[in-house]
Amino acid sequence: MKTPAYLNALKAFEAAARHQGFSAAAEELSVTPAAVGQLVRSLEAWLGVPLFVRASSGSARLMPTEAARRALPDIREGFDRLGLGVAKLKEATPNPALTVTLSPAFAAKWLLPRIERFQARHPGTDLLLDTNTRTVDFLAEHIDVGVRYGGGDWPGLVATKLMDEQVFPVCAPTLKGLRRPSDLARRTLIHDLSLPARSGFPSWRSWFDGMSLGALPATRGLRINNSAAVLQAAIDGLGVALGRSVMVRDDLAAGRLVRPFGDRGSVPALAYYVVHRPEAGAMPQVAAFRDWLREEAARDA
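The paragraphs below set out a description of the structure included in this document. Just so you know, these numbers come straight off a predicted model, no measurement behind them.

1. Topic: the packing of helix H1 (residues 7-19) against helix H3 (residues 33-47)
Okay, step 1: Interaxial distance between H1 and H3 falls to 8 Å at its minimum, and their mutual angle equals 110 degrees. As summarised for this structure, H1 and H3 are arranged roughly perpendicular, according to the angle between their axes. Judged by the sense of rotation from one axis to the other, the crossing of H1 with H3 is left-handed. Within the contact between the two elements, H1 uses Asn8, Ala9, Leu10, Ala12, Phe13 and Ala16 and H3 uses Val36, Leu39, Val40, Ser42 and Leu43.

2. Some thoughts on the nonpolar core
Okay, step 1: Ranked by internal contacts, the top residues of the largest apolar core, which has 41 residues, are Phe106, Leu111, Leu162, Met163, Tyr272, Phe289 and Leu293.
Okay, step 2: Setting aside chain neighbours within four positions, we find Met163 in contact with Phe106, Trp110, Val246, Ala271, Tyr272 and Ala297.

3. Some details on H1
Okay, step 1: Between its first and last C-alpha atoms H1 spans 18 Å; for 13 residues at 1.5 Å apiece the expected length is 18 Å, and the two agree.
Okay, step 2: When we look at burial in H1, the residues that qualify are Ala9, Leu10, Ala12, Phe13, Glu14, Ala15, Ala16 and Ala17.
Okay, step 3: In the stretch just after H1, Gln20 is the one whose phi turns positive, near 55 degrees.

4. Brief notes about the sheet that holds strand E9 (residues 240-244)
Okay, step 1: If you trace the 8 strands from one edge of the open sheet to the other, you get E4-E3-E5-E10-E6-E9-E7-E8, paired in mixed fashion. The open sheet has two edge strands, strand E4 (126-131) and strand E8 (222-224), and neither has a second partner. Neighbour to neighbour, the strand axes of the sheet diverge by 25 degrees on average, direction disregarded.
Okay, step 2: In terms of strand pairing, strand E7 (residues 189-192) meets E9 through 2 bridges, oriented parallel. Opposite Leu189, over in E9, you have Val240 as the bridge partner.
Okay, step 3: Where helix H5 (residues 104-111) meets the sheet, it contacts strand E3 (97-102), E4, strand E5 (145-150), strand E6 (158-170) and strand E10 (267-276), and its direction lies at approximately 110 degrees from that of E3.
Okay, step 4: Strand contacts of helix H9 (residues 245-254): E6, E9 and E10, with the helix running at about 55 degrees to E6, the strand carrying the most contacts.

5. Description of helix H10 (residues 284-300)
Okay, step 1: For H10, with 17 residues, the first-to-last C-alpha span of 24 Å sits near the 24 Å given by 1.5 Å per residue.
Okay, step 2: Turning to H10, its buried residues are Gln285, Val286, Ala287, Phe289, Arg290, Trp292, Leu293, Glu296, Ala297 and Asp300.

6. Some words on the packing of aromatic side chains
Okay, step 1: Inspection of the entire model under this criterion finds 12 aromatic pairs.
Okay, step 2: Consider the rings of Phe106 and Trp110, whose centres lie 5.2 Å apart with planes at 25 degrees: the pair is stacked. On the criterion of helical spacing, the pair formed by Phe106 and Trp110 is a turn pair, its members being 4 residues apart in helix H5. Comparing Phe106 with Trp110, the two get one shared label, buried.
Okay, step 3: Ring geometry for Phe289 versus Trp292: centroids 5.8 Å apart, planes at 35 degrees, classification tilted. Of this pair, Phe289 and Trp292 are both found in helix H10, 3 residues apart, which corresponds to roughly one turn of the helix. Taken individually, Phe289 and Trp292 each receive the classification buried, so the pair is uniform in this respect.
Okay, step 4: In this structure an aromatic cluster arises from ring pairing among Phe106, Trp110, Tyr149, Phe201 and Tyr272.
Okay, step 5: If you follow Arg244 out to its NZ or CZ, it ends over the ring of Tyr149, 4.3 Å from the centre.

Reading guide: rules and limits
- Residues numbered from 1 in each chain as written.
- Predicted model: local features only at pLDDT ≥ 70, side-chain atom pairs only at ≥ 80, totals over all residues.
- Heavy atoms only, no water.
- Axes fitted to C-alpha atoms, helices over the stretch in contact; angles between N-to-C directions.
- Helix = DSSP H or I, 4+ residues; strand = E, 2+ residues; numbered from the N terminus.
- Parallel < 35°, antiparallel > 145°, perpendicular 65-115°, else oblique.
- Left-handed = near helix turned anticlockwise from the far one by under 90°.
- Contact = heavy atoms within 4.5 Å.
- Core = buried A, V, L, I, M, F, W, Y, C linked by side-chain atoms within 4.5 Å.
- Buried < 20%, exposed > 50% of the residue type's maximum accessible area, 1.4 Å probe, protein only.
- Expected span 1.5 Å × (residues − 1).
- Pairing = 2+ DSSP bridges.
- Phe/Tyr/Trp six-rings, centres within 6.5 Å; stacked < 30°, edge-to-face > 60°.
- Lys NZ or Arg CZ within 6 Å of the ring centre and 35° of its normal.

Written out as structure tokens, the structure is:
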């Protein structure tokens, strides 16, 4: 290609191939599915070859052709190199900003109470916090580094464990009558809908199963799609929440929340990781933020 005129088309092609569909690619690129389809068709017309086999049914209706599959690794590497070049230009600015992606609850409950220490150590680094619950594309959305909760395996990203987590019931100290886990059968359960409903993420069902209380109903109660709001509802005495040790540490220390069953109610959960693209690991700002996060996690431990 003689000019960058087809960069958007290549991005649409790469995203559509990765998601095996135009709709998910459009959501990632913040355009319409029709726009993604048009970009892909324009690229096919310019190249003179089809890039996808379009099926009329099935879960994967858009499959890359053999030629497309051979080209995709080089195209992805090219985008990675472009991202590294932009990052180097960004570093050359007088006051470079570091873009960090993380969940709103992790930002509110863990990062923000500690961020002043990072700013004191690195006064020349401005932070841009991108708080959301969806999984963002680091390259497409110009993300430098992030904190994710899960099993530690995200394609295309280097993941360094920050801290493990336990889950256990928490409630306001004014909520009485909880002497044993089976007493929860008579209490309002507060559910966190911000966590994906898939294996490994903590839920009341998995906690009951871990405590050999599988007969107790696990779906009733109050449902909230924000982790910080779930804890606030528990603080306000609206019911019992399933607390994640990293998120509730400060509330427990301050007495806003208590663990009604003590250590008896604790079961292992997933972990927090600092993540970044492989080529970003050598960037001084990313390395500094990653190392500071690890220091803070070690301080908590």
